[in-house]
Amino acid sequence: MENYELTQNKYEAALAKYETRLDDANIAAKVAAIIEEKLPENDTKEVKKRLFNCIDLTTLKTEDSDESVMRFTQKVNRFEEEFPDLKNVAAICVYPNFAEIVKDTLEVEEVKIACVSAGFPSSQTFIEVKVAETAMAIMEGADEIDIVISVGKFLSGDYEGLCDEIQELKETCKEHHLKVILETGALKTASNIKKASILAMYAGADFIKTSTGKQQPAATPEAAYVMCQAIKEYYEETGNKIGFKPAGGINCVRDALVYYTIVKEVLGDEWLNNQLFRLGTSRLANLLLSDILGQETKFF
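Residues numbered from 1 in each chain as written. Predicted model: local features only at pLDDT ≥ 70, side-chain atom pairs only at ≥ 80, totals over all residues. Heavy atoms only, no water.

Structural notes on the packing of aromatic side chains
Phase 1: What the rule picks out here adds up to 12 aromatic pairs.
Phase 2: Among the aromatic side chains, those forming a connected cluster through ring pairs are F52, F79, F83, F299 and F300.
Phase 3: Taking the ring centre of W271 as reference, the NZ or CZ of K241 above it sits at 5.5 Å. (Phe/Tyr/Trp six-rings, centres within 6.5 Å; stacked < 30°, edge-to-face > 60°. Lys NZ or Arg CZ within 6 Å of the ring centre and 35° of its normal.)

Right, dumping it as structure tokens:
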């Protein structure tokens with residue numbers, strides 16, 4: 001019992017360095033003000049090009065197959081020929097069993113291969129299965145791994161169990177990037193989102209990500225603001241720069257501009273590149289492309 005209390009105190013001590021008692025209405029008001037005042041200046045072609053280069057182009061459908069994923073990847077290969085003046089997407093994101101197909105098909109060096117793993121999207125399976133799935137995804141060609149926190153552990157206060165899992169999965173990833181999904185819609189409050197953000201970073205996340213896209217509500221500007229604040233404070237405390245990825249429900253160009261604006265205002269220009277900022281989406285690529293080119297484009 002004493003050991004349990006000691007380890008719990010370790011996590012409570014980590015959280016105590018940050019302001020985690022947040023008022024949801026206050027956060028919503030701050031976010032609304034940022035969007036109203038700052039978004040218009042970011043509504044430019046240059047920003048949209050930068051956003052396109054931050055996309056994790058995602059297919060996570062039940063009906064995905066080797067053939068459909070191959071075709072999906074071939075479009076990314078062809079992008080450079082068709083649009084030589086534009087930078088490609090940041091990554092292709094698929095289920096782990098398709099990592100090898102993407103690796104064998106992908107011809108573009110700067111585009112990464114990302115896999116969701118560890119019992120995605122619910123994270124409800126054995127840690128041994130999570131580790132095995134993650135190790136296999138990397139072995140098959142994944143450069144980056146997206147996992148979901150054990151939301152149930154977090155909500156029941158088992159911070160040690162939550163962090164131990166993330167640490168073990170980061171050890172499995174080694175130098176490969178680990179993106180940790182908080183599933184902010186299930187966390188509900190700004191205070192919970194702030195705490196989960198800090199614990200995930202403390203346990204080894206290279207990126208923190210809002211949502212799986214499989215649960216509603218998915219990404220929200222308010223959750224993004226809280227997560228970016230946590231990243232900023234964590235950087236000030238530790239010197240470590242952690243990336244941010246909104247995902248789920250990014251359905252239009254304005255949504256992407258909202259997240260760009262929040263990152264810019266909270267974290268600054270240093271974060272506005274695909275090393276530290278990603279957008280998880282399947283439908284945004286064509287919409288951004290259409291805006292950049294000034295005509296409806298259905299390339300992906």
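Observations concerning the pattern of salt bridges
Phase 1: Evaluation of the coordinates by the stated rule reveals 18 salt bridges.
Phase 2: D43 serves as the salt-bridge partner of K48, at 3.0 Å between the closest nitrogen and oxygen.
Phase 3: Salt-bridge contacts for D146 lead to K209; the nearest nitrogen and oxygen are separated by 2.9 Å. In this pair, D146 sits in strand β4 (residues 144–148) while K209 sits in strand β6 (residues 207–209), placing the two residues 63 residues apart along the sequence. One exposure class covers both D146 and K209, and it is buried.
Phase 4: One connected set of salt bridges, linked through shared partners, spans D56, E144, D146, K179, K209, K245 and R278. (Salt bridge = Lys/Arg side-chain N within 4 Å of Asp/Glu carboxyl O. Helix = DSSP H or I, 4+ residues; strand = E, 2+ residues; numbered from the N terminus. Buried < 20%, exposed > 50% of the residue type's maximum accessible area, 1.4 Å probe, protein only.)

Topic: the nonpolar core
Phase 1: Core analysis: the biggest nonpolar cluster contains 98 residues, and L51, F52, I145, I149, F277 and F300 have the highest contact counts within it.
Phase 2: Considering every element that reaches this core, the biggest residue donor is helix α12 (residues 253–267), with 10 residues.
Phase 3: Setting aside residues no more than four positions away along its own chain, F277 makes contact with L51, C54, F207, F244, P246, Y259, Y260, V263 and W271.
Phase 4: Formed by 8 residues, the second largest nonpolar core is a distinct cluster that contains A91, V116, F120 and I181. (Core = buried A, V, L, I, M, F, W, Y, C linked by side-chain atoms within 4.5 Å. Contact = heavy atoms within 4.5 Å.)

A few points about the packing of helix α6 (residues 127–139) against helix α8 (residues 159–173)
Phase 1: It is the contact of α6 with α8, at a shortest axis distance of 9 Å, that shows an interaxial angle of 25°. If you check the angle between α6 and α8, you find them roughly parallel. Between α6 and α8 the crossing geometry is right-handed. Two secondary-structure elements touch here, α6 through I127, K130, V131, T134, A135 and I138 and α8 through E165, E168, L169, T172 and C173.
Phase 2: Among the residues making up the contact of α6 with α8, the classes are represented as 6 nonpolar, 2 polar and 3 charged. (Axes fitted to C-alpha atoms, helices over the stretch in contact; angles between N-to-C directions. Parallel < 35°, antiparallel > 145°, perpendicular 65-115°, else oblique. Left-handed = near helix turned anticlockwise from the far one by under 90°. Nonpolar A, V, L, I, M, F, W, Y, C, P; charged D, E, K, R; others polar.)

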